[in-house]
There are 6 protein chains.
Amino acid sequence: MSVLASFLYDDLVRAALREDLGRAGDLTTDAIVPAALTREALVVARSDGRISGVGPALHAFHVLDHGVRAELLIDEGRDARAGDTIAIVRGHARALLTGERTALNFLGHLSGVATVTRGVVRALEGLPTRVVCTRKTTPGLRALEKQAVRAGGGSNHRFGLDDAVLIKDNHRAIAGSVTEAVARAKAAVGHMVKIEVEVDTLAELDEALAAGVDAVLLDNMDIPSLTRAVDLARGRALTEASGGITPVTARDVAATGVDMISIGWLTHSAPSLDVALDVAG
Amino acid sequence: MSVLASFLYDDLVRAALREDLGRAGDLTTDAIVPAALTREALVVARSDGRISGVGPALHAFHVLDHGVRAELLIDEGRDARAGDTIAIVRGHARALLTGERTALNFLGHLSGVATVTRGVVRALEGLPTRVVCTRKTTPGLRALEKQAVRAGGGSNHRFGLDDAVLIKDNHRAIAGSVTEAVARAKAAVGHMVKIEVEVDTLAELDEALAAGVDAVLLDNMDIPSLTRAVDLARGRALTEASGGITPVTARDVAATGVDMISIGWLTHSAPSLDVALDVAG
Amino acid sequence: MSVLASFLYDDLVRAALREDLGRAGDLTTDAIVPAALTREALVVARSDGRISGVGPALHAFHVLDHGVRAELLIDEGRDARAGDTIAIVRGHARALLTGERTALNFLGHLSGVATVTRGVVRALEGLPTRVVCTRKTTPGLRALEKQAVRAGGGSNHRFGLDDAVLIKDNHRAIAGSVTEAVARAKAAVGHMVKIEVEVDTLAELDEALAAGVDAVLLDNMDIPSLTRAVDLARGRALTEASGGITPVTARDVAATGVDMISIGWLTHSAPSLDVALDVAG
Amino acid sequence: MSVLASFLYDDLVRAALREDLGRAGDLTTDAIVPAALTREALVVARSDGRISGVGPALHAFHVLDHGVRAELLIDEGRDARAGDTIAIVRGHARALLTGERTALNFLGHLSGVATVTRGVVRALEGLPTRVVCTRKTTPGLRALEKQAVRAGGGSNHRFGLDDAVLIKDNHRAIAGSVTEAVARAKAAVGHMVKIEVEVDTLAELDEALAAGVDAVLLDNMDIPSLTRAVDLARGRALTEASGGITPVTARDVAATGVDMISIGWLTHSAPSLDVALDVAG
Amino acid sequence: MSVLASFLYDDLVRAALREDLGRAGDLTTDAIVPAALTREALVVARSDGRISGVGPALHAFHVLDHGVRAELLIDEGRDARAGDTIAIVRGHARALLTGERTALNFLGHLSGVATVTRGVVRALEGLPTRVVCTRKTTPGLRALEKQAVRAGGGSNHRFGLDDAVLIKDNHRAIAGSVTEAVARAKAAVGHMVKIEVEVDTLAELDEALAAGVDAVLLDNMDIPSLTRAVDLARGRALTEASGGITPVTARDVAATGVDMISIGWLTHSAPSLDVALDVAG
Amino acid sequence: MSVLASFLYDDLVRAALREDLGRAGDLTTDAIVPAALTREALVVARSDGRISGVGPALHAFHVLDHGVRAELLIDEGRDARAGDTIAIVRGHARALLTGERTALNFLGHLSGVATVTRGVVRALEGLPTRVVCTRKTTPGLRALEKQAVRAGGGSNHRFGLDDAVLIKDNHRAIAGSVTEAVARAKAAVGHMVKIEVEVDTLAELDEALAAGVDAVLLDNMDIPSLTRAVDLARGRALTEASGGITPVTARDVAATGVDMISIGWLTHSAPSLDVALDVAG
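Described in the following lines is the structure provided in the data block. Quick caveat: nothing in here was measured; it's all calculated off a predicted structure.

## Looking at the overall build of chain A
Along chain A, the regular secondary structure elements total 11 helices and 12 strands. Dimensions of chain A, computed from the C-alpha atoms along their principal axes, are close to 70 × 40 × 25 Å. For chain A, with 281 residues in total, the buried portion stands at 62%. For chain A, the share of sequence-separated contacts (at least 6 apart) that also reach a separation of at least 24 residues comes to 70%.

Written as C-alpha cells, this is what we have:
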C-alpha cells in the first residue's frame, strides 16, 4: 500500500471506532477529561517484533481529531525491541484516550502477523524460497494482513477469488480431469490472469504441466515427492508447497527447492504483538 | 445473540464475501463449475475444539444462494472432535465453493476463540471465578468474538466505551484522584451504567471502595496482594484480576477469590480451529 | 458527547443534507447566488428555551463548505431568550442558504427536547429526584435526543436493548415469574450490566428485591403505592416511577422519594424550539 | 408511496433497529425468551388519532424475522379510536419483543403528524384551501412525515431543495430584485420545475406576478392584506399563506381565499400518538 | 451544481476509485514510484469538444491526496480544442498516476455528453426550441449527465420519477383515459409538481389540454402533426417533441415551433471525448 | 459472473433505483395505478444486437417487488433481432412501470457494449487475435461492462490497478528504464500477478523482453513495426496492440499476428442498444 493507503482503510478504521464508541461515545473519558486538555502519548512495543499496521493505527486518532499529529519512529516493516517507542502522538487527551484501544488493536494484530512471518522467513535464511500467505485471513482484514505478511518479509498469494485462478480438488472433480479444468479456465479468463493447479500426486503434476499452467500447488506431499515434483516442474511452472508446514518443518520443505511455501497460520493464528499507549502525566 | 442474530452480522458477512469476490467474482468456479450443478458439502472439524461462529459461517452460503439449506449437527457452544461433521450444506455447487473460504474463516477464527476460552474455564473447574474477555478484539469482529467467549464458557466485560465506565490510570491521573474521577463519572452517567475502577495498590483500592463503585480491576497484582484486595472488597465491589495472566497462573489467581479474571489473549491471540469443507464427489 | 462528537453524528448530518439536496442540489440558490459570494449569518432564537444540537447544526454548514467558520455564543445546555444570537456563521452564501434548513431542523428539534426537559427539572427543584428519558425516541436520533435531555438537566436511561437489562411484563410472563426472569438474566449477562425489573404491584416489588436487582421500575402506581414502594426498596434498589406522569403530576410523584421519574414525552412529543437564520444583507 | 414502498424506507428501519440493538442485541429478551417460542401481538391505539407509518412499523418486525406475518386492521390514512387494534402480528416472540419499540416509535411519531394534520384539515372543512407541510421536518424522516401529512388529509410542498424553486428573502436580496431573481431561476431550471416566490408586501406581489411565477408565498401577512393579495393573484398564480398560523387562526386565514396554508408545526412539533404492543399471554 | 457540489458526487468518486484500486491498490505505481516524489501533470483534450465533469475528475485526485492542487484552465461548459490544457494538477506522483484513469473516465464521459448536446444545440441555432435530455441515463451517473447536458447548452427534463408527473401510454391505458389519469395525478400530488402527458394523436392532445396540464409530450409525430399540435397547444401547455429525432431531423422538428425536443441519445449513446493526463518527465 | 452474480450487482441496482425514485417514489404510477393490479410485460429489442445485462435489468424489478417472475428468452451473450422478446416479466403493474427505466438503462447500455464488441470480433473472424477491453469504463459499471465485452465475444484485460501490473510511460520515466521498472515490480508483487510493459519502440521491446515480462503492450505502432514486434516477442511474451485502432483498421492490425488488440471505445463509446418494455393492455 502506498502513502495514499488511508483511502483504502479509512472505512475499516471508522467501523472499528464505531464498534467501540457505540451510540454514546466514551463515557469515562467524556466524564473525566476536559475537552480542551492536550497531551502527548507514546505508542510503545512491550515485546520484540516486526511492526505493521502503523497506518490504520495512527489513522484512528486522526479520524477522531484532525488536529492530532503523529511522529513515526519505527516504520512499517522494521523491527522493534521491547520498550521501543514506535510513534509519538500529540493532540487532545480525549482523542488519545478514546482512540487508544482501536489503534492498538490494529497495531498489535498486524504486527503479530508480521512477526510470525518474520520468524519463518528467518528460518529459511539463505534459501531462495519465498514465504507466502493464503486466503485464510480474518474477515474484513485481508488487505491489511497481506500487507503485514509483506512487512514480515513474506510474499502474497492471490488477494481473492477474482485476481487469479486456483484449481482445487473440487474443481478438478467437477471438471472430470485436470486437463479439462485448465482448458475451461483458459477459455474463460483474460490474458492477465495466472492459473495455478493444486496437485496431490506426481501423475496429476504431469497432467497439470502438460496442460500448461503458471504454477502448481503441491498439496501435503512428503519431502521425497516434493523433491521429484520440483524436478519435474523446473522451467515449466512455479512450485508451491502447502499443507501442514510447521515452523519445525519449514526449512526442510524449502530445501527441496520449491519456489514458495504457503502457510495459513501466518494470518489466521498469529498471536498479537504486545503494544501499549503511554500518556505522558 | 438470538435467532434474529443474522440481522446483526449480515453486513459483516457481506463485507467478507465482497473482500473475497472482488469485482469479478470467483474466476475459477465460474469457469469450471456449471451453474445448475448442485452438491452436498460437509463442514468438518479437523481438530478438537469448542464450536462458535456457525451463524455467520452458514449465512455466507445463504447470502450467495438463498436456496442453500443447512443442517446443523454441532451447535454454537458445543464441542467437536477431530473428524466430526459440524453441519451439512446443500445447494448450488458454485455457492458452496465460492462461499467456502469466507464461511471457514469465520468458523475457524471464532471456534478458535471459544476453544481457548474453554481451556481457561476448564483450568478453573470447581472455582466460582468467571473468565472474562476484554476490548482487545479484532477490529470489526467484537460482537462475534464476545459471543465466542460465551460459547467457550466465559463471560463478557463491557462491549465498548459507551456501555459502562472503566476508570483507568490515565483518567485518574487527569482527574487528580480516584475519588474525583469517580465523582465526575457518577455525575455524568445515568443510573443504568456500572462503574469500575482500575487500581494498582491497596491504597487505591481503599479509595475506590470509599468512593463507591460497582467493581474494581486489580491490575498486575501479585497473589498476596490479590488475596488482601479480595478481602477488602468483599461485599462492597466485585473484584477483577487482570494483567499478565497465563494458562499456567490462571488457577492460582482465581484461587485468591477474585470474582473474575480478565484475559486479552482470549480474543487477540487465539489460534484458529482447523475446519474444512468436504464437497461430496 | 465530547469535542470528538462530530465523528458520531457526521453520517446523520450528511444523510439529512442528502435528504434536502436530492439529486440536483439547491436549485434556487444555485440559480440566484453567485458562487464566490460570502456572507455572515446569525443563528437566532425566536423564543425562550434551552439550547441543544449546536454540534450537528453547525456541522451541516461545515460539511457543505469546509471553509465556513462558526462562533458559538450560547453553548449546548445553556439558556437562550427570544432574540438571542446562538451562533454567528461566516462563509460562502451558497453554503449558508443551502445548509440553513438542515441546521435549523437539528437545532430546533433538539432544543425543543432540552427545553421540555428543563421544564420538568425546574418543576422538581429542591427534590433529589432525577428526570429520565426513555427509548421512545425519534428513529435515527436517539443519541442526540439523549444528549438533549442531559442538556435540559435530565438524565439518561439505557441507550438501547444491549447496554442494560430491563425486564418487562412480557418477559416476566414468558419466564413464569420475576424470580426466574431475573435468574435467567443474571446467568446470561456480564458483570458490567445492570438489571432493572418493571413491577406493577408491591408483591412483585418484594419478589424483585428478593431476587436482587439494581433498580425497579414502578409502573403506573398511584402516590400511596409509590410511597410504600420507595420505603420497601430503600437501600436495596434504585426506584424509578413511570407511566402517565404529566407536567402537573410530576412534582407529586417525585415527592414520594423515588430516585427517578422517567418520561417518554421528553423525546417523542417535545415541540420544536423556534430558531432561525438571519443572513446579513 | 406505493406497495413497493418498503424499498424506500428499508434502510431507515434497519438503521433504527441497529440504533436499538447496538452491538449485542436485546440482552433481556435473549436471556429470558426461548428462541423457538412464537406469539401473537396486537398493535393498539391508546388514544384517538389518524394512523400513519404502518409500513415502516410492520417492516421492523419483518427485518428481524422474515417469518413474521402481519394483518392490518386500520390502514394508512384511516382513523383509530383509543382501544382499537391497528394490526395483529404473529411470529417468534423474540422478534416481537425486540422490534416493539422501533415499530412503535415509527407508528407513534408518524400517526402524531397525521393526527395534527387531520385536526387542521377538519378546522377548514367546507373551504377549498389545502393544508400544506414544509421542509421543517425531522432529520432523516422527511419522506415519511410528508406521507403522514397526506394521511392526515394535507398536501405536500416541495420535498427538498431540488424539486422546485422557492425564492426567499435572502435570494431576493442577493439578486437585487424579485424580477431579477425570477429571471435567473427561469434561465437555470428545466421546464418541469415550478417556481414560487416569497413576498412580504403587495408591491412585491405585483412584481412577482409580473415576472410570471407558478405560486406566491404570502409571508406573515395580516388578514386584510391576504384578502387583497388573493384578489391580485387570482388566475395568475397559486397563493400560499405562511407564518404564525395557529389552530385558532387557521380558518380565518383560509377564509381569505388562499389556495393553501403551510404550517411547519405539522411535522416539527406534533406530539406522538400513544400506541402500544400487547403480546398475548 | 454549485461550488458545494463535491458533497453531491463525493460518494460516486470514491466508489469509482475503489472499483479501480480493489483490495491492494495500484500495484504498478506502488512498486515503481517513490512515495515522496511529486510531479505536475496536464489534463489535456485530444479532440475538440465541450468540457464537463471537471469537478468529479479533479476530486478524484483530491480524495487520494488532500495535498493535490489543481488549476482549472477550461471551466465546465466551455469549449476545448484538441491539444488544449484543461487543468494543471500538482501533487504526489503516486496520486496523479493512481487517480488518472478514474479522473479521465469521468471527464471523458461527461464531456462526451456535453459535446453531443452542443452539436444539437448548434444545429438549432436561431430557433427558440430547447434541447432536453431524458431519464435514459447511465445507472449511477444521472445528476452528472444532466449537468453535462446543461454544460452543452441543453436543458433538463425531470431528474427522476418523484419530481414531476409524466403520464405515459401505460398509465393512460390503466386509468382508462387521459382525463381520468390527469385527474388522479392532480388529486395525488402537491401544488409544486408539474404534470405532463404523452400523447400520440391530436385527439389525445385535445383531451390532455382540456384536462389542464403543464406540458404535452408529442410522441413520434410526423412534421405536419407536430405543426398542428403546436398550434393547438399554444398558450395552454408547453410542447415537447420526442421519439426518433436524429441529428439530421432535429432542425426540422424544432422548426415546427415545439418548445422542446427531447433526445435520449444525448446521455445514453454519446461517445467519450478523448482526454489524457500528461505527467511531466 | 455466475448465477450468484446478483450479490455482486445488488448494490448497484439499488443505487440506480434510488437515483430514479428519489425521496417520494414514482409520483405518476402511484397516483394512477392501483396497488393490487398485476400485469405482464415484454422486454423487447428494437434493433439487432448482442444481449448483455439481463441479470441487473431483471433484478431491478425483483428489488421493487420480490413477487415478480421473469422468463428469459434470450440469454446473456446471445443475439437478438429487432422485434425479438428478450424476457417476459409478470408482477405488480406498479413494479413493472416503476422499474422500467432502470432496467432498460442497464440492458440498453450493456447490450450496446456487447454489440460493439461483437462487431469487432466478427471483423477478425478466422484470425486467432483476441479483442480486449481496457479500464476506460464508465465509473461504477466496470464489472458489468467487462462482462458485456465477454458477452460480445471479447476478452478482458485487467479489472483494476490491483490485479496485474501494467508499466506505462510515466512509470518507466520515473524508474529510469524499463529494466529497472520491471525489476521493482517483480520484487514487489506476488507470484500470481502478471506483468505487462507498454513499449513504443522496438528498442524498448527488446529491453522489456530481456527483463522477462508476461506481455507487452505495443502502443500506437504502425503495421510494419507491429509485424516486427510480433516476430521478436514470439514465444517470449504475449503481444497486445493498442492505440487508435478503428473498426476499419482492426483486421489489418490483427493480421500482424498480435495476440490481442485492446480498444477503449468498446466500453466508453458504445451507443446504447434500443430496448423497450411493452406492458400488455
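Still to come is the rest of the account.
## What about the interface of chain B and chain A?
The figure often quoted for interface size is the accessible area lost as the parts come together. The partner chain A presents 60 residues to the 60 residues of chain B that form the contact. Around 4,700 Å² of area is buried between chain B and chain A when both sides are counted, 59% of it from carbon and sulfur atoms. Joining chain B to chain A, the criterion identifies 4 salt bridges. Residue R142 of chain A is joined to D20 of chain B by a salt bridge in which the shortest nitrogen-to-oxygen separation is 2.4 Å. Inspection of the region where chain B meets chain A yields 32 residue pairs in polar contact (both at pLDDT 80 or more). Those elements that provide at least two residues to the side of chain B that touches chain A are α1 (6-21), α2 (27-32), α4 (93-123), α5 (142-151), β7 (165-167), α6 (169-175) and α7 (178-188) of chain B.

## Quick notes on unusual backbone geometry
Residue and element names in this part refer to chain D. For N220, which is not glycine, the phi dihedral falls at a positive 55°. Secondary-structure assignment places N220 in the loop between β9 (215-219) and α9 (223-233). What makes N220 exposed here is its relative accessible area of 53%.

## Quick look at the relation of the copies chain B and chain A
Take chain B, turn it by 180°, move it 0.0 Å along the axis, and it overlays chain A with an RMSD of 0.0 Å. What we have between these two chains is a two-fold relation. Same-surface contact between copies: 100% of interface residues of chain B are shared with the interface of chain A.

## Describing the sheet that holds strand β8 (residues 195-199) of chain A
All names here are of chain A. What the 6 strands build is an open sheet, ordered β6-β11-β10-β9-β8-β7; its pairing is parallel. Unpaired on one side and paired on the other, β6 (130-132) and β7 (165-167) mark the two borders of the sheet. Going from strand to strand, the sheet's axes swing by 25° on average, the running direction of each strand aside. Relative to strand β11 (residues 260-262), strand β10 (residues 238-242) runs parallel, the two sharing 3 bridges. If you follow A241 over to β11, its bridge partner there is I261.

## Here's the deal with the interface of chain E and chain D
Taken together, the contact pairs 26 residues of chain E with 26 residues of chain D. Between chain E and chain D, the buried area comes to about 1,700 Å², and carbon and sulfur atoms account for 59% of it. Of all residues in chain E, H191, M192 and K194 of chain E bury the most surface against chain D, accounting for 49% of the area lost on that side. In this assembly, chain E and chain D are joined by 0 salt bridges. Here chain E and chain D share 4 residue pairs in polar contact (both at pLDDT 80 or more) between them. At the level of secondary structure, the elements contributing two or more residues to the side of chain E that touches chain D comprise β6 (130-132), α7 (178-188), β8 (195-199) and β10 (238-242) of chain E. Counting residues per element, the side of chain E that touches chain D draws most heavily on α7 of chain E, which supplies 3 residues. Grouping the amino acids of the side of chain E that touches chain D by side-chain chemistry returns 12 nonpolar, 5 polar and 9 charged.

## What about the packing of aromatic side chains?
We describe a pair of aromatic rings using the distance from one ring centre to the other and the angle between the two ring planes. Scanning the model with the defined rule gives 0 aromatic pairs over all chains in all. Here the basic side chain of K146 of chain C rests over the ring of F159 of chain C, its NZ or CZ set 5.4 Å away from the ring centre.

## Points about the relation of the copies chain E and chain D
Once chain E has been moved 0.0 Å along the axis and rotated by 180°, it coincides with chain D to within an RMSD of 0.0 Å. Both copies share a contact surface, since 100% of the interface residues of chain E are interface residues in chain D too.

Here is what the cut-offs are and how they apply
Residues numbered from 1 in each chain as written. Chains lettered and ligands numbered in written order. Predicted model: local features only at pLDDT ≥ 70, side-chain atom pairs only at ≥ 80, totals over all residues. Heavy atoms only, no water. Helix = DSSP H or I, 4+ residues; strand = E, 2+ residues; numbered from the N terminus. Buried < 20%, exposed > 50% of the residue type's maximum accessible area, 1.4 Å probe, protein only. Contact = heavy atoms within 4.5 Å. Buried area = accessible area lost by both parts, 1.4 Å probe. Salt bridge = Lys/Arg side-chain N within 4 Å of Asp/Glu carboxyl O. Polar contact = N/O pair within 3.5 Å; in protein donor to acceptor, adjacent residues only side chain to side chain. Least-squares fit on C-alpha atoms with pLDDT ≥ 70 in both. Pairing = 2+ DSSP bridges. Axes fitted to C-alpha atoms, helices over the stretch in contact; angles between N-to-C directions. Nonpolar A, V, L, I, M, F, W, Y, C, P; charged D, E, K, R; others polar. Phe/Tyr/Trp six-rings, centres within 6.5 Å; stacked < 30°, edge-to-face > 60°. Lys NZ or Arg CZ within 6 Å of the ring centre and 35° of its normal.

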